[in-house]
8 protein chains.
Amino acid sequence: MSDEFQIDFDRDERLGFGEAIFCAGKSTEQVQAILDAAMQQQKSLLLTRCALEMAAALGPPLDYDEVSQTAFFGATAPASDTPRIAIVAAGTSDIPVAREAERTLRFNGRQAHMILDVGVAGLWRLQARLPEIRKSAIVIAVAGMDAALPTVLGGLVPQPIIGVPTSVGYGATRSGETALMAMLSSCTPGLTVVNIDNGYGAACAALRMIARVAADAPLDQ
Amino acid sequence: MSDEFQIDFDRDERLGFGEAIFCAGKSTEQVQAILDAAMQQQKSLLLTRCALEMAAALGPPLDYDEVSQTAFFGATAPASDTPRIAIVAAGTSDIPVAREAERTLRFNGRQAHMILDVGVAGLWRLQARLPEIRKSAIVIAVAGMDAALPTVLGGLVPQPIIGVPTSVGYGATRSGETALMAMLSSCTPGLTVVNIDNGYGAACAALRMIARVAADAPLDQ
Amino acid sequence: MSDEFQIDFDRDERLGFGEAIFCAGKSTEQVQAILDAAMQQQKSLLLTRCALEMAAALGPPLDYDEVSQTAFFGATAPASDTPRIAIVAAGTSDIPVAREAERTLRFNGRQAHMILDVGVAGLWRLQARLPEIRKSAIVIAVAGMDAALPTVLGGLVPQPIIGVPTSVGYGATRSGETALMAMLSSCTPGLTVVNIDNGYGAACAALRMIARVAADAPLDQ
Amino acid sequence: MSDEFQIDFDRDERLGFGEAIFCAGKSTEQVQAILDAAMQQQKSLLLTRCALEMAAALGPPLDYDEVSQTAFFGATAPASDTPRIAIVAAGTSDIPVAREAERTLRFNGRQAHMILDVGVAGLWRLQARLPEIRKSAIVIAVAGMDAALPTVLGGLVPQPIIGVPTSVGYGATRSGETALMAMLSSCTPGLTVVNIDNGYGAACAALRMIARVAADAPLDQ
Amino acid sequence: MSDEFQIDFDRDERLGFGEAIFCAGKSTEQVQAILDAAMQQQKSLLLTRCALEMAAALGPPLDYDEVSQTAFFGATAPASDTPRIAIVAAGTSDIPVAREAERTLRFNGRQAHMILDVGVAGLWRLQARLPEIRKSAIVIAVAGMDAALPTVLGGLVPQPIIGVPTSVGYGATRSGETALMAMLSSCTPGLTVVNIDNGYGAACAALRMIARVAADAPLDQ
Amino acid sequence: MSDEFQIDFDRDERLGFGEAIFCAGKSTEQVQAILDAAMQQQKSLLLTRCALEMAAALGPPLDYDEVSQTAFFGATAPASDTPRIAIVAAGTSDIPVAREAERTLRFNGRQAHMILDVGVAGLWRLQARLPEIRKSAIVIAVAGMDAALPTVLGGLVPQPIIGVPTSVGYGATRSGETALMAMLSSCTPGLTVVNIDNGYGAACAALRMIARVAADAPLDQ
Amino acid sequence: MSDEFQIDFDRDERLGFGEAIFCAGKSTEQVQAILDAAMQQQKSLLLTRCALEMAAALGPPLDYDEVSQTAFFGATAPASDTPRIAIVAAGTSDIPVAREAERTLRFNGRQAHMILDVGVAGLWRLQARLPEIRKSAIVIAVAGMDAALPTVLGGLVPQPIIGVPTSVGYGATRSGETALMAMLSSCTPGLTVVNIDNGYGAACAALRMIARVAADAPLDQ
Amino acid sequence: MSDEFQIDFDRDERLGFGEAIFCAGKSTEQVQAILDAAMQQQKSLLLTRCALEMAAALGPPLDYDEVSQTAFFGATAPASDTPRIAIVAAGTSDIPVAREAERTLRFNGRQAHMILDVGVAGLWRLQARLPEIRKSAIVIAVAGMDAALPTVLGGLVPQPIIGVPTSVGYGATRSGETALMAMLSSCTPGLTVVNIDNGYGAACAALRMIARVAADAPLDQ
């Protein structure tokens, strides 16, 4: 099986965040073999889309979170909350995706600030939390259905906003495609978007910003 | 040519609003023949999607509006503004559709209240006009792109809101399909929607509400 | 968990209908926590898309209807049938959606009039019920497949018609998208539409009309 | 150029209707070369989607109809109206497609009966013409937008109904795809459908029925 | 429950084929209630999309066929094979749909002639059966994937061909939409098409042709 | 006309970049009126999607660039190139979009570094420019067709990468939707995406990063 | 059942590769009947999409591979690796499809060379294997998500490249349609593509090349 | 302008076919600049999608073909017809795409054999040309609409078949997407496909086969 995968153990050095394994398309045997290789090299790994059954079958024990379907293998660095990252979610059903982003950041040494259930169908909920949001350097905005949250938010605050459309809902939501297309069609300038339900990708985008744009980021010569 | 159309001159009596001719798929000869039939029967007609060239070629002279591509043939009743109808449009490019709704209402004896360029990417613009909107019995909300306006508005006011998605924009807006799907996917309860760019249909929906639900609407026995 | 949701207990006052919880994307624990919060505040709640298993697991006992997958938590006001609302459904398979609309209205103090299995493939069925439909102030028309019912009905009666496309059928029905697009493309003027299978939304749209347009609706000054 | 096309001059014998040339994708030179070949073999041809400019440039003079963009080259047989074929069209904008069907039938020796502007948004128009429709052996039903006409008609009469969706309208009509899908999703059993705007194909389907199913059709041994 | 359905027991008289119940969207209780009503009126019924479990739970015993998921309730007329109907299927996976057509014809007193696994990827298989096909008055052609069978067949024989696209395959077949669109796009003139997997509808279309176009079909005066 | 638009002259202060007018959906009269309002308030404006004809008709003279269809109205600040922004474009046809991004940055006081025609179908072209790219803080990657450029680039460098899919190509490119979906589906973590052809939006996203994340960005207290 | 299938036992002679049975749409009884027919004629068969349960139920024992869901029935020729075929796969989740291609080749007497997990998000992985790839006559490139592998590879090597898009991923990957469209939109000239997840088809395409184009391929006179 | 393009003058050496310029998205100035660079380096170029107006404006004179919109700049090698390549086209409207393939081959030193207007709706036309097709080493099959030609052909002959779907037709043809999907869904094994209307790409695929698989192809060591 060893010729079936090539783990990118140098990713942290090259890109600024650690290797992660997307488990959904893999067998438990494949993931276990990857963990074994990581253990041999004394590397940590982040597992995403890891179902409860797979997590229970893997060893040694992982730091597993069922809501986000993520697991940490190996040690993680202590988390810093500077620069501050806010994760804003529109509805209760968006929480698993928001948590995937939070856990990805935590695995990579960043503590995010969670602001949940503030969709713009009840505008006052968002308005009450604006002061907290303004204190952040980066905002990850998680929203499904018509996904109007990033549009409204982006018109009010100057932060970079990484939109994560989610697949909640039915019918016209088209499994998240409407949320995705609505975010891309926003008349608020400067929003960016990642794939549907991709909390992991949004977190990595934030890490790239911190690695290269933030105050303490060394530029190549 | 007389067997090619059957004008519904009793629509007003039956449905509460007058006959309208959608000109886009018809030749000038066909529309002129319809006008001639209306003149013979001393009936008024509303023309929609009537291009400037066609309007200029038709006779006798019409009450034509180029922005909305609508024309009135024959006399129209004086317009009442009770119950009050607000037409709210998100952007400057949505004005032709908003105007089509306004002109349809005017042709049928209703004067609407226009509130333009109040998209939620600049939330304060909408907030400044909320008192006016609250005074209405019915709201027609015209918006393209991600079409977040009705979602935000519907969370703030109890009015029936008739959403009109528009085809402005490019790429992910998909000629208005994203706006349409976003409105249908709204987490604000009780929004209703008409076809893309269909200002005429939204006005007719408002007229149906007035005809049957409003204070002065006689119910059938 | 208390930071994971923000219940809109003032919705009734603000919008004219009570808070509802869409259960499909939530865990039983989340819904139970919401019920507990409602009980503390002595508020009633409507649950939609609540599966039988979830309803059985929740406490205290709910007024549950399996066909529509809806539940009432707490007391509901006695239902009035003025102004009269008709719910017209095209086929037997559309009944769950029709019932969701009926139950939403009942939770909010309105008794609807049900007219079932009157699709226009057998036109005489609809024609036999027209007198009943004409007596209503508002019509909710539930139909799947080619969804021709609202088109035919809207050409015959002046009521506001709220179309609810349903996801019944296979192949070219595209899980309700054909019904949705057909309703939006109707040549009958003044139809409005809500999301596929969204009986709840159609009921809320009717409640908005009653709240603001009906005879006894007080307008803001 | 002679190796660029292979005209099917035996089609009439094999399939029961004559060769037709779809001009839209061809140059005037190509079509002229085809006409020359037909003339040499003393064969008649039907031209479809033949624009006015192309028709004017071709020689010798053709029997051309601008509305349907069809032309007859060569002699056509006298047209019989037994068995009777009805072409029913929902709106004025559907007439060009209905006429293409009529002209295709005429070219092949059949006289159709036209019933225009009887869409079901005004149901009484169709009802007034039902006796005429019942006298036919075959019905071609041309309709765009939500295309409810064949559904209603097919529930009332036992004739084979060949649905022709048209591309009229805008937005949710999706250039005729909604009409097409609605016809295919009809709950009226036994409707069949051809491509969008394909009046020619519908006529050929009727000719196949007459050739093989009709009273006077000889069966192969 | 009796107000939840309105069975069309006069369909046979009106349209020439008996009432059928589409079971997929209905509960066993609903279908049983419909059977009870049919028994009371001494009418036969055809059940389609009736799963094995439902068929086993219904009473009294039905004439059930698992492959086509169809059942006959009550007596059926002896089946005639004049005029001759051929059902031609491209692949082994298309057999359930072909059989649904065959059983629908049998329920309505017509015996079809089955010609299976003759897809044009192995052209000689079709060519070997052409003499049989030529003896028919009507051809039902069932095919999935690229659905080239009706195109090739329709170029060779003059019969009316009712295409039934099927949902077999994966990826680019798009659950039958590619087969559907390919049939509609055929360059063979005069093909007609029904919904994906709709063997029942194809059979009804054939019955309509026989009822009105065939040699022994009485025309209305 | 003054009630038809509400210019956001405070955007710069609130969001960190100036107001821009999307001209494509507006008449020359509307844009001129907006310019007049800006002149009165002594504000600068960026015009995007401004066709040559419109630019020529507007006054006073603008700083116009035909390739990107952008114009500057009023004074612009001197451009800084710290932090360094690289705009990387895959093909010659992507240049107009790349230039729209560059001009938007210049209007807002940032000088970008252009690296053109380095698509990965000729990998050595990109590899030769990697040292320049590594020196940047932010990368805007413009690519159409299969849009593989950001995937390859993002695996090699740690910069935040803002993908701009373009609408070049034909057929399977689907006017840029394939490029958009490919970027969103990238297995390189941390890419973000804006709307098709939206060079303006990508530039604004970069400006948001600089405003809030960069070394010299003051955070709110 | 014997009239339900017509096995193409001469395919090997006619096309250069043996008959294969696609099991996904067939019952175990149907597949067993096909095996029995093959045994009678002493022919070998390849089974694809054969689930573990079906393989276990079939007899006599097959050479079964669970990863690729393929089985060999009967003897297979010894495998040659000249001309050399490379199967290159982008990710671990693409292995089942790659293996289906490999097994199809092996069944037809060709031994492929597997190069796995070399997606271009980690470019160095591909670059390390280029010398091996250059030694091949034909390359099968298996990739999902944005499927950039064939584009990069095809720009570097002159081999014919048969792209196989896979259905791995979620959201914007659209079950492989994005990978498919991206490969077709590639700016690398001369790539060809087969259906999503169709490892079998890619192998057959390679066999066609070998049969007719390779050094030892006899041409028809 | 010299930094706006990077011509791949070594492509011939690396991939086995010369550089080509896709003119559709470029200005005449850009293409002229590319020609000037080629002239300086004494290289030949193939121009594709080069409109008549652009070809006329470029200098020095080109070897231009209006039907295929291709031009040769510089000298081309004498064309060999071994191994033999057949280009088979289904209809007259497919000729421009077929010719683009032929011209691309000619530019790269290969003479193709053209077999036109042999679509399977008239099967005998294809059958008459089978002997010629069997003599080829490679077949390029150009077809639009339902694109059944490659399916039928691939079942009869063992050659590698490169399918080129075309955008001819209307309605359900979806600008060639139906042809594309039908080819990919073919039940004939081993077909490969290129982008819609991409005659150029099909020719390059054939050149790759010849370069690496053909008798005289040297393999890398």
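Residues numbered from 1 in each chain as written. Chains lettered and ligands numbered in written order. Predicted model: local features only at pLDDT ≥ 70, side-chain atom pairs only at ≥ 80, totals over all residues. Heavy atoms only, no water.

Undergrad: Tell me about the interface of chain A and chain F, and please be specific about residues and values.
TA: Between chain A and chain F, the contact holds 42 residues from the first and 42 residues from the second. With both chains or domains summed, chain A and chain F bury close to 3,500 Å², and 62% of this area falls on carbon and sulfur atoms. Across the contact surface, chain A and chain F share zero salt bridges. At the boundary of chain A and chain F, one finds 15 residue pairs in polar contact (both at pLDDT 80 or more). Taken together, the elements giving at least two residues each to the side of chain A that touches chain F come down to helix 1 (11-15), helix 6 (149-156), strand 8 (161-165), helix 7 (177-184), strand 9 (191-193) and helix 8 (199-212) of chain A. A total of seven residues in the side of chain A that touches chain F trace back to one element, the largest contributor, which is helix 8 of chain A. For the side of chain A that touches chain F, the class distribution of residues is 25 nonpolar, 10 polar and seven charged. (Contact = heavy atoms within 4.5 Å. Buried area = accessible area lost by both parts, 1.4 Å probe. Salt bridge = Lys/Arg side-chain N within 4 Å of Asp/Glu carboxyl O. Polar contact = N/O pair within 3.5 Å; in protein donor to acceptor, adjacent residues only side chain to side chain. Helix = DSSP H or I, 4+ residues; strand = E, 2+ residues; numbered from the N terminus. Nonpolar A, V, L, I, M, F, W, Y, C, P; charged D, E, K, R; others polar.)

Undergrad: Explain the side chain of Thr188(C) to me, and be specific about the residues and the numbers.
TA: Tracing the backbone shows Thr188(C) in the loop between helix 7 (177-184) and strand 9 (191-193). Among the polar contacts listed, one links the side chain of Thr188(C) to the backbone oxygen of Thr151(C), at a separation of 2.7 Å. The contacts of Thr188(C), once residues within four sequence positions are left out, are Arg208(B), Thr151(C), Gly154(C), Gly155(C) and Ala121(D).

Undergrad: Please give an account of the sheet that holds strand 4 (residues 70-73) of chain C that cites residues and values.
TA: All names here are of chain C. Taking strand neighbours across the sheet as the criterion, the four strands line up as 1-2-4-3 in an open arrangement whose pairing is mixed. Where the open sheet ends on each side, the last strands, each with one partner, are strand 1 (20-22) and strand 3 (63-65). Put simply, the sheet's adjacent strands are angled 15 degrees from each other on average, direction ignored. Direction of pairing for strand 3 relative to strand 4: antiparallel, over a ladder of three bridges. Bridged to Asp65 within strand 4 is Thr70. (Pairing = 2+ DSSP bridges. Axes fitted to C-alpha atoms, helices over the stretch in contact; angles between N-to-C directions.)

Undergrad: Please give an account of the arrangement of the chains that cites residues and values.
TA: Of all C-alpha pairs spanning chain C and chain F, none lies closer than 21 Å, and the two are not in contact. Kept free of each other, chain D and chain F leave a smallest C-alpha distance of 16 Å between them.

Undergrad: Please give an account of the environment of Gln30(E) that cites residues and values.
TA: All names here are of chain E. Inspection of the secondary structure assignment puts Gln30 in helix 2 (residues 28-40). With a relative accessible area of 10%, Gln30 lands in the buried category. Sequence separation between Gln30 and Arg11 is 19 residues, and the spatial gap between their C-alpha atoms is 20 Å. (Buried < 20%, exposed > 50% of the residue type's maximum accessible area, 1.4 Å probe, protein only.)

Undergrad: Which residues make up helix 8 (residues 199-212) of chain B, and what values go with them?
TA: One turn of the α-helix equals 3.6 residues, which is why residues spaced by three or four share an orientation. Between the first and last C-alpha of helix 8 of chain B there are 20 Å, a value that for 14 residues agrees with the 20 Å anticipated at 1.5 Å per step. Helix 8 of chain B sits mainly inside the fold: 13 of its 14 residues count as buried. (Expected span 1.5 Å × (residues − 1).)

Undergrad: Kindly report on the interface of chain G and chain A, identifying the contributing residues and their values.
TA: On the chain A side, the residues contacting the 14 residues of chain G number 17 residues. Taking both partners together, chain G and chain A bury about 1,300 Å²; carbon and sulfur atoms supply 48% of that area. Looking only at chain G, the three residues that lose the most surface to chain A are Thr92(G), Trp124(G) and Tyr170(G), adding up to 42% of its buried area. One can count two salt bridges joining chain G with chain A. Arg174(G) is the partner of Glu177(A) in a salt bridge, and the nearest nitrogen-oxygen pair spans 2.9 Å.

Undergrad: Lay out the relation of the copies chain G and chain A with the relevant residues and their values.
TA: Rotating chain G by 90 degrees about the axis while translating it 0.0 Å along that axis superimposes it on chain A, leaving an RMSD of 0.0 Å. Those values place the two copies in the arrangement expected of a four-fold rotation axis. For chain G, the smallest separation between a C-alpha atom and the rotation axis is recorded for Arg174(G), amounting to 8.0 Å. (Least-squares fit on C-alpha atoms with pLDDT ≥ 70 in both.)

Undergrad: I'd love a proper account of the environment of Leu62(A), names of residues and values included.
TA: Residues and elements named next belong to chain A. Among the secondary structure elements, Leu62 is positioned in the loop between helix 3 (52-57) and strand 3 (63-65). Distance in space between the C-alpha atoms of Leu62 and Val31 is 13 Å, their sequence separation being 31 residues. Setting aside its immediate chain neighbours within four residues, Leu62 contacts Leu35, Leu47, Ala55, Ala71, Phe72 and Phe73.

Undergrad: Give me the state of the cysteines: which residues, what numbers.
TA: Under the counting rule described, the total for this entry stands at zero disulfides over all chains. Of the cysteine sulfurs around Cys50(G), a residue in no disulfide, the closest is that of Cys23(G), at 4.4 Å. Cysteine Cys204(H) remains unbridged, with the sulfur of Cys187(G) as its closest cysteine sulfur at 13 Å. Among the residues examined, Cys204(H) registers a relative accessible area of 0% and is labelled buried. (Disulfide = S-S within 2.5 Å.)

Undergrad: Account for the pairing of strand 4 (residues 70-73) of chain B, with residues named and values stated.
TA: Two faces belong to every sheet, and in a regular strand the side chains alternate between them. All names here are of chain B. Burial along strand 4 is two-sided: Thr70 and Phe72 facing one way and Ala71 and Phe73 facing the other are all buried. Here strand 2 (residues 45-48) pairs with strand 4 via three bridges, running antiparallel. Following the sheet pairing, Leu46 is matched in strand 4 by Phe72.

Undergrad: With reference to specific residues and values, describe the relation of the copies chain A and chain F.
TA: Note on the identical chains: chain A maps onto chain F by a rotation of 180 degrees and an axial translation of 0.0 Å, with an RMSD of 0.0 Å. Expressed as an axis order, the relation between the two copies is that of a two-fold axis. Same-surface contact between copies: 100% of interface residues of chain A are shared with the interface of chain F.

Undergrad: How would you explain the side chain of Asn198(G) if you had to name every residue and give the values?
TA: By the element assignment, Asn198(G) lies in the loop between strand 9 (192-193) and helix 8 (199-213). A relative accessible area of 13% places Asn198(G) in the buried class. Those residues in contact with Asn198(G), other than ones at most four positions away along the chain, are Tyr170(E), Val97(G), Glu100(G) and Val164(G).

Undergrad: Describe the sheet that holds strand 1 (residues 20-22) of chain H, listing the residues and the values that go with them.
TA: Residue and element names in this part refer to chain H. Across the sheet, four strands lie side by side as 1-2-4-3; this open sheet has mixed pairing. Among the strands making up the open sheet, the edge pair consists of strand 1 and strand 3 (63-65). With direction set aside, neighbouring strand axes in the sheet form an average angle of 15 degrees. Inspection of the sheet shows strand 1 paired to strand 2 (residues 45-48) by three bridges, in the parallel sense. Following the sheet pairing, Phe22 is matched in strand 2 by Thr48. In the packing of helix 2 (residues 28-40) onto the sheet, the strands contacted are strand 1, strand 2 and strand 4 (70-73), and the crossing angle to strand 2 comes to about 165 degrees.

Undergrad: Just give me the short version of the packing of helix 5 (residues 123-134) of chain C against helix 6 (residues 149-156) of chain C, but keep the residues and values in it.
TA: Residue and element names in this part refer to chain C. Relative to each other, helix 5 and helix 6 sit at 50 degrees, their axes nearing to 11 Å. It follows that helix 5 is oblique to helix 6 by the angle criterion. As for the relative orientation of helix 5 and helix 6, their crossing is right-handed in sense. Contact residues: helix 5 offers Leu123, Leu126, Leu130, Ile133 and Arg134, while helix 6 offers Leu149, Val152, Leu153 and Leu156. For the contact of helix 5 with helix 6, the class distribution of residues is eight nonpolar, no polar and one charged. (Parallel < 35°, antiparallel > 145°, perpendicular 65-115°, else oblique. Left-handed = near helix turned anticlockwise from the far one by under 90°.)

Everything listed here is a matter of geometry and, on its own, says nothing about what the molecule does.
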